[in-house]
Amino acid sequence: MLIKQAADIPASEITPESVYLKRRELMRGAGLFAASSLVPSALLASSELAPLSAREASSSMAAQGFYTNEDKTPFEDVARYNNFYEFGTDKSDPARYAQELTVDPWSVQVEGEVARPGTYSLDDLLKGLDLEERVYRLRCVEAWSMVIPWIGVPLHRLLSRLEPTSKAKYVEFTTLYRPAEMRGQRSRFSTIDWPYVEGLRLDEAMNPLTLMATGLYGRELPKQNGAPFRLVVPWKYGFKSIKSIVKIRLSEQQPRTTWQDLAPREYGFFANVNPEVDHPRWSQKYERRLPSGLFSPNRIKTQMFNGYADQVAHLYKGMNLRRHY
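For clarity, every value in this text was computed on a predicted model and none was experimentally measured.

Peer 1: Whenever I open this one, helix H6 (residues 155–162) confuses me. Can you help?
Peer 2: Looking at H6, one finds that the buried residues are Leu155, Leu158, Leu159 and Leu162. On an axial view of H6, the arc spanned by its buried residues comes to 95°, and they lie on one face. Phi turns positive one or two residues past the end of H6, at glutamate 163, with a value near 65°.

Given below as structure tokens:
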């Protein structure tokens, strides 16, 4: 795994040694110490097939949507340009203030329509699940985008071990509420009813693309990117990929999500990337791929479902995607 020297990393990106060593042990158990410049290694839980060559693995990963050969967004941009309103509304606020967050110990409460509810330490929750590296596009509703090599576990494997009941139709996620460490939550000017809540339909959650990330670029997940445990749903706008998760609830009813409550005309429950359905205040037909600048805007066309239509379009067959945005 590629590790920067501490002198090259801003304080806000440095993981405390105790946390790093604990998570490193988990990653070692999963066998994931591939350099970030290599082809993503799909560390599947079991396989009776002969190992694939790098080219065959890359082709297989791309066909499944797990990998794109587009230029990756540099780590520095991924780590310093974020929406994480728990730390402030400016893009630089999360990198500046997230070092205040304590991520060890970390536990996740599981409740609702599951056979195995309870409060689990993150290590126990992930124990026995192999980590995988996925290179995904990330498209923000604000019309900027990145390409990020994530590390994590497919959500369908995690949910399967929790054993959803026959009544489970939706999965609700909740972010940590800790105003003492998350200054955006104690701001007098915030309009958000904390904690932050997001949700997926169960079939979306069980899609093989949906990932619970614990790292990126071959290292621990930076705090400003949602450490230590966040959702990644690559065919939806980025606000659906909720960060720093402390609760997972399965339910029969569709949950009310934070942005849907704040501005339902602008942020629907599904939030699928769709260049044909504009945001009320701007077009979604194009996006600005980071890094970009005044003289190199790096403007590209937005793809339906962010380029993952082959993998997810069937989930919305027969739905009016203008009404169910």
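Peer 1: Is there a simple way to think about the packing of aromatic side chains in this case?
Peer 2: Aromatic rings considered in pairs are described by the distance between their centres and by the relative angle of their planes. Evaluated as defined, the whole model comprises 11 aromatic pairs. Look at phenylalanine 84 and phenylalanine 87: their rings are 4.9 Å apart centre to centre, the planes differ by 90°, and that puts the pair in the edge-to-face class. Overall, phenylalanine 84 belongs to the buried group, its relative accessible area being 3%. The class of phenylalanine 87 is buried, set by a relative accessible area of 1%.

Peer 1: Would you mind going over the environment of tyrosine 136 with me for this structure?
Peer 2: Its location among the elements puts tyrosine 136 in strand E3 (residues 132–139). When residues no more than four places from it in sequence are discounted, the contact partners of tyrosine 136 are Gly65, Phe66, Met146, Val147, Ile148, Trp150, Pro208, Leu209, Leu211, Val232, Pro234 and Tyr308. One polar contact links tyrosine 136 to arginine 134, side chain to side chain, over a distance of 2.6 Å. Polar side-chain contacts of tyrosine 136 include one of 2.7 Å to the backbone oxygen of leucine 209.

Peer 1: Teacher, can you tell me more about the sheet that holds strand E6 (residues 197–201) here?
Peer 2: To summarise the sheet geometry, strands pair through backbone hydrogen bonds and adopt either a parallel or an antiparallel arrangement. Taken in spatial order, the 5 strands of this open sheet run E2-E1-E10-E5-E6, and their pairing is mixed. If you trace the sheet from one side to the other, it starts and ends with strand E2 (118–121) and E6, each paired once. With strand direction ignored, the average angle separating the axes of adjacent strands in the sheet is 20°. In this sheet, strand E10 (residues 245–251) lies alongside strand E5 (residues 170–175) in antiparallel orientation, the contact comprising 6 bridges. Across the sheet, the residue bridging to valine 171 is leucine 250, located in E10.

Peer 1: Honestly, unusual backbone geometry in this entry has me stumped. Any pointers?
Peer 2: With the exception of glycine, most residues fall at negative phi, and the peptide bonds are largely trans. Omega for the bond connecting tryptophan 194 with proline 195 falls within 30 degrees of zero, at 0°, which places this linkage in the cis form. With respect to the helices and strands, proline 195 occurs in the loop between E5 and E6. Despite not being glycine, alanine 271 has its phi angle at roughly 55°, a positive value. Residue class for alanine 271 comes out buried when judged on its relative accessible area of 4%. Positive phi, normally seen in glycine, also occurs at phenylalanine 305, with a value near 55°.

Peer 1: For this particular structure, what's the right way to read the side chain of glutamine 311?
Peer 2: Within the fold, glutamine 311 resides in helix H9 (residues 309–312). Exposure remark for glutamine 311: the relative accessible area of 16% places this residue in the buried category. Other than its neighbours up to four places away in sequence, glutamine 311 contacts Ala63, Gln64, Gly65, Asn207 and Leu209.

Peer 1: Can you walk me through the environment of alanine 213 in this structure?
Peer 2: Within the secondary structure, alanine 213 sits in strand E7 (residues 211–216). Note on alanine 213: relative accessible area 0%, which makes it buried. Apart from residues no more than four positions distant in its own chain, alanine 213 is found in contact with Trp150, Ile151, Gly152, Leu221, Pro228, Phe229, Arg230 and Val232.

Peer 1: Before we go on, may I ask you to explain the side chain of lysine 243 in this structure?
Peer 2: Assignment of secondary structure puts lysine 243 in the loop between strand E9 (230–232) and E10. The buried charged residue lysine 243 lacks any salt bridge partner; its closest oppositely charged side chain belongs to glutamate 86, at an N-O distance of 7.0 Å. Reaching out from lysine 243, the side chain makes a polar contact with the backbone oxygen of asparagine 83 at a distance of 2.8 Å. Among residues more than four places away in sequence, those in contact with lysine 243 are Asn83, Phe84, Thr175, Gln224, Asn225, Gly226, Phe229 and Arg230.

Peer 1: In this structure, what is going on with the pattern of salt bridges? I would like to understand it.
Peer 2: Side-chain pairs of opposite charge can arise whenever the charged atoms involved come near each other. All chains considered together, the criterion is met by 18 salt bridges. Residues aspartate 278 and lysine 285 are paired through a salt bridge, measuring 4.0 Å at the closest nitrogen-oxygen approach. Classification of aspartate 278 as partly exposed rests on a relative accessible area of 37%. In the salt-bridge network here, residues are joined through shared partners; they are Glu70, Arg137, Arg139, Glu287 and Arg289.

Peer 1: Looking at this model, I keep getting lost on the nonpolar core. Mind explaining?
Peer 2: Nonpolar side chains in soluble globular proteins generally cluster together in the buried interior. Grouped together as the largest cluster of nonpolar side chains are 83 residues, with contacts concentrated most on Phe173 and Phe229. Looking at this core element by element, the count peaks at 7 residues for strand E4 (residues 144–154). Not counting the four nearest positions on each side in its chain, phenylalanine 173 is found in contact with Leu155, Tyr196, Val197, Glu198, Gly199, Leu200, Met212, Leu231, Ile242, Ile245, Lys247 and Ile248.

What counts as what
Per chain, the residues get numbers from 1 upward, laid out in the order the sequence is written. Local features are withheld for residues below a pLDDT of 70 in this predicted model, meaning they are given only at 70 or higher, and side-chain atom pairs are given and counted only at 80 or more; totals for whole chains, interfaces and linings count all residues. Based on all heavy atoms of the structure, the side-chain values leave hydrogens and waters out of the count. Buried residues are those whose accessible area, probed at 1.4 Å on protein chains only, stays under 20% of the maximum for their type, while exposed residues exceed 50% and partly exposed ones sit between those limits. Here a helix means four or more residues in a row that DSSP labels H or I, a strand means two or more in a row labelled E, and each is numbered from the N terminus. Directions drawn from the helix axis to the C-beta atoms are what define this arc. Any two of the Phe, Tyr and Trp rings considered here, Trp counted by its six-membered ring, make a pair once their centres fall within 6.5 Å; the pair's planes then place it as stacked at under 30 degrees, edge-to-face at over 60, or tilted in between. A contact between two residues is defined here by any heavy atoms of the two lying within 4.5 Å. Under this definition, polar contacts are N or O atom pairs within 3.5 Å; protein pairs additionally need one hydrogen-donor-capable and one acceptor-capable atom, and for neighbouring residues in sequence, both atoms have to be side-chain atoms. Two strands are counted as paired when DSSP detects at least two bridges linking them. For every element, the axis is a line fit to its C-alpha atoms; helices are fit only across the contacting stretch, and the angle between N-to-C directions ranges from 0 to 180 degrees. The charged-residue count follows a simple rule in which Lys and Arg add positive charge and Asp and Glu add negative charge, with His and chain termini not counted at all. Only one rule defines a salt bridge in this text: a Lys or Arg side-chain nitrogen within 4 Å of an Asp or Glu carboxyl oxygen. To qualify as a nonpolar core, a set must consist of buried Ala, Val, Leu, Ile, Met, Phe, Trp, Tyr and Cys residues joined through side-chain atoms within 4.5 Å.

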